[in-house]
Amino acid sequence: MGTDATLAEREREPDEINARARAVGLLHEAGVPFVVGGAYAYATYTGIYRDTKDLDLFPRKPDAIRALEVLEKDGWRTERPDEVWLYKAYKGDYFVDFIFSSGNGVATVDDEWFTNAKKATIFGYECLIAPAEEMIWSKAFVTERERYDGADINHLILKAGREMDWDRILRRFDRYWEVLLSHLMMFRFAYPSERDIVPNYVMTELMSRTLQTVRDGSWDEKLCRGNLVSKVNYHVDIHHWGFGDGRAWDEQDRPEGGTTRGARSELEDSAGSGR
């Protein structure tokens, strides 16, 4: 990892890079819309490059199905390992991930991923790059033991935060505002001299919600929402300690279309106590 652009591909075989380029080219020719995410998007915003084992493309789910069909015609082997968020396509040992949501089904790829995307040249093609706001939204829920995307979020805020749409970020996190606050507190810890990158009104709003939860006290329902940020780390809580399944509760209670509301009263009600 570093600022040398060759780090992104130095450890990769030419055939692997060619496979990635071919996938991008075929999808462009077929008119399948997607935005580029992962290490390539991260480098676009931060200037930090790292070796990556795959290419992450973010289409809407119907377009992810179309993408598999296009690559199948070119001889790729395709898989649909998780209907919530992930399809894959393989060219021999090399693969492309088609990611249409976060693993918990919250950060779904929608039109705003495209209307707010940047443009950059990837493998010789002009591509849309996932917006920094949506990258943060998606990465915020990755807190597994073997993978934690907090440093990525910190670097995205550091390098792109002054131009980001913080109102959209607040709206995206909606009922998950505490997850956003946890990452912003880590940013403040990591970069105490750069705290002003996050607008004061954002911190004031989130801290006021926090104070309200202190006044409200604990929820009546014994619930663990930890499995919205980790698939495995809260298994004991739910299966042995008697906590309700927070992800199942969230999926049932989640507004249709995801986090599309924005008024403060609605945000407060969605995250409120005494459920």
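Residues numbered from 1 in each chain as written. Predicted model: local features only at pLDDT ≥ 70, side-chain atom pairs only at ≥ 80, totals over all residues. Heavy atoms only, no water.

With respect to the pattern of salt bridges
According to the stated counting rule, one finds 28 salt bridges in the structure shown. Between Asp-111 and Arg-60 there is a salt bridge, with the nearest N and O atoms lying 3.0 Å from each other. Of this pair, Asp-111 sits in helix H4 (residues 111–115) while Arg-60 is found in the loop between strand E2 (55–58) and helix H3 (61–73), placing the two residues 51 residues apart along the sequence. By relative accessible area, Arg-60 is classed as partly exposed at 22%. (Salt bridge = Lys/Arg side-chain N within 4 Å of Asp/Glu carboxyl O. Helix = DSSP H or I, 4+ residues; strand = E, 2+ residues; numbered from the N terminus. Buried < 20%, exposed > 50% of the residue type's maximum accessible area, 1.4 Å probe, protein only.)

Points about the side chain of Arg-168
By the element assignment, Arg-168 lies in helix H7 (residues 166–173). Under the relative-accessibility criterion, Arg-168 is labelled buried at 4%. Residues in contact with Arg-168, not counting those within four places in the same chain, are Glu-112, Asn-116, Pro-131, Glu-133 and Glu-134. (Contact = heavy atoms within 4.5 Å.)

Observations concerning the pairing of strand E6 (residues 118–122)
Note that E6 and strand E7 (residues 125–129) share five bridges and pair antiparallel. Of the residues in E7, the one forming a bridge with Thr-121 is Glu-126. What sits between E6 and E7 in their antiparallel hairpin is a turn of two residues, with Phe-123 showing a positive phi close to 55°. (Pairing = 2+ DSSP bridges.)

Read these as layout, nothing more, since geometry by itself doesn't imply function.
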